[in-house]
Amino acid sequence: MLKAKVLLVGPRESGKSVLANFVSESTEGIGSYSPTQGVRILEYEKPNLNGNSKGAGCRFELWDCSGDQNYQTYHFPRTCFSRFETCWPALMKDSHGVIIIFNPELPSHLKEIEMWYSCFVQQQPLLDSQCLLVAHHKPGSAGDTENLSLGKKMENSVSSSRAYPLNKIKLIHSNLEDDPEDVRMEFMKYFKSIITFIDESREREEMSIIS
């Protein structure tokens, strides 16, 4: 069975733990909001996700990383955090993907997500195809009425003199009240792409040894 490590990162109270629980079908921590203490690791097995007739399947490790200010103090535009910075290489080590989660209704989150991208994606470095951007809409939020202008808001939040790096990453919208199965399907598509990446990497390594 393949094994994949995926990090869930983003600002505080963006919904990382909620989505980690939803995707992994975990009931841990369900209830009132409680900040994640450092990092929480959930294991999630999915057989035949890649459609392989051999049935290898994959075991995903979902690393739910804290976005609490008590655990990180940053000074943008630095690409990493100034406090507990030494912890991030351990979190990022051997990761196959990064999911950046944010609340699109909070302007502070729109400003922060480029920093998370710089630290957890560009610093490794990972391919943009290994990254997923999730605009998580909490219960009672404006929902789709705000979704159409999100891309423009993100572009306007940075200087127009350079391309906004997050434009290259796939963006999905998460609303667990209205479209839970659509959200699950989008995550499955992403996980399938991670499995494909791991398979292709292994094949390249084997070919390089043979040659």
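As the structure is a prediction and not an experimental result, all values here were calculated from the model.

(A) Just the packing of aromatic side chains, in detail. Applying the stated criterion across every chain, the model contains six aromatic pairs. Ring geometry for W116 against F120: centres 5.7 Å apart, planes inclined by 20°, an arrangement best described as stacked. One end of the pair, W116, and the other, F120, are both in helix α3 (residues 107–122), four residues apart, so they sit about a helical turn from each other. A relative accessible area of 0% means that W116 is categorised as buried. Among the aromatic residues, those joined into a ring-pair cluster are Y44, F60, F187, Y190 and F191. Lying over the aromatic face of W63, K5 brings its terminal NZ or CZ to 3.9 Å of the ring centre. Lying across the ring of F22, R184 places its NZ or CZ 4.2 Å from the centre.

(B) Just the environment of K168, in detail. Position of K168 among the secondary structure elements: in the loop between α5 (150–156) and β6 (170–174). Residue K168 is classed as exposed on the basis of its relative accessible area of 55%.

(C) Geometry of the pattern of salt bridges. Under the defined criterion, the tally for this structure stands at 10 salt bridges. Two residues, E13 and R12, come together in a salt bridge whose shortest N-O distance is 3.9 Å. By relative accessible area, E13 is classed as partly exposed at 36%. Exposure remark for R12: the relative accessible area of 36% places this residue in the partly exposed category. In this structure, R184 and E181 form a salt bridge, with 3.7 Å as the shortest nitrogen-oxygen distance. Of this pair, R184 and E181 both sit in helix α6 (residues 180–210), three residues apart, which is roughly one turn of the helix. Counted as one network, the salt bridges with shared partners bring together E25, E181 and R184.

(D) Structural context of the sheet that holds β6. Spatially, six strands are ordered β2-β3-β1-β4-β5-β6 in an open sheet, and the strand pairing comes out mixed. The two strands at the open ends of the sheet, each matched to only one other strand, are β2 (39–46) and β6. Pairwise comparison of adjacent strand axes, ignoring direction, gives a mean angle of 25° for this sheet. Summarising the sheet, strand β5 (residues 131–136) and β6 pair through five bridges and their orientation is parallel. Bridge assignment links L132 to a residue of β6, and that residue is K170.

(E) Representation of a negative patch on the surface. On the surface, E177, D178, D179 and D182 cluster together to form a negatively charged patch. When you line up the elements, D179 lands in the loop between β6 and α6.

(F) Focus on unusual backbone geometry. Phi angles above zero are rare outside glycine, and E13 is one such case at about 60°. Not every positive phi belongs to a glycine, and E25 is a case in point at roughly 60°. Within the secondary structure, E25 is located in the loop between α1 (16–24) and β2.

(G) Summary view of the side chain of Q130. If you trace the backbone, Q130 turns up in the loop between α3 and β5. Ignoring any residue separated from it by four or fewer positions in sequence, one finds Q130 in contact with H96, G97, V98, Y190, I194 and F197.

Reading guide: rules and limits
- Residues numbered from 1 in each chain as written.
- Predicted model: local features only at pLDDT ≥ 70, side-chain atom pairs only at ≥ 80, totals over all residues.
- Heavy atoms only, no water.
- Phe/Tyr/Trp six-rings, centres within 6.5 Å; stacked < 30°, edge-to-face > 60°.
- Helix = DSSP H or I, 4+ residues; strand = E, 2+ residues; numbered from the N terminus.
- Buried < 20%, exposed > 50% of the residue type's maximum accessible area, 1.4 Å probe, protein only.
- Lys NZ or Arg CZ within 6 Å of the ring centre and 35° of its normal.
- Salt bridge = Lys/Arg side-chain N within 4 Å of Asp/Glu carboxyl O.
- Pairing = 2+ DSSP bridges.
- Axes fitted to C-alpha atoms, helices over the stretch in contact; angles between N-to-C directions.
- Patch = residues over 30% accessible without salt bridge, like charges linked within 9 Å, V, L, I, M, F, W, Y side chains within 5 Å.
- Areas by Shrake-Rupley, 256 points an atom, 1.4 Å probe, with all protein chains shown as cover.
- Lys, Arg positive; Asp, Glu negative; His and termini not counted.
- Charge placed at Lys NZ, Arg CZ, Asp CG, Glu CD.
- Contact = heavy atoms within 4.5 Å.

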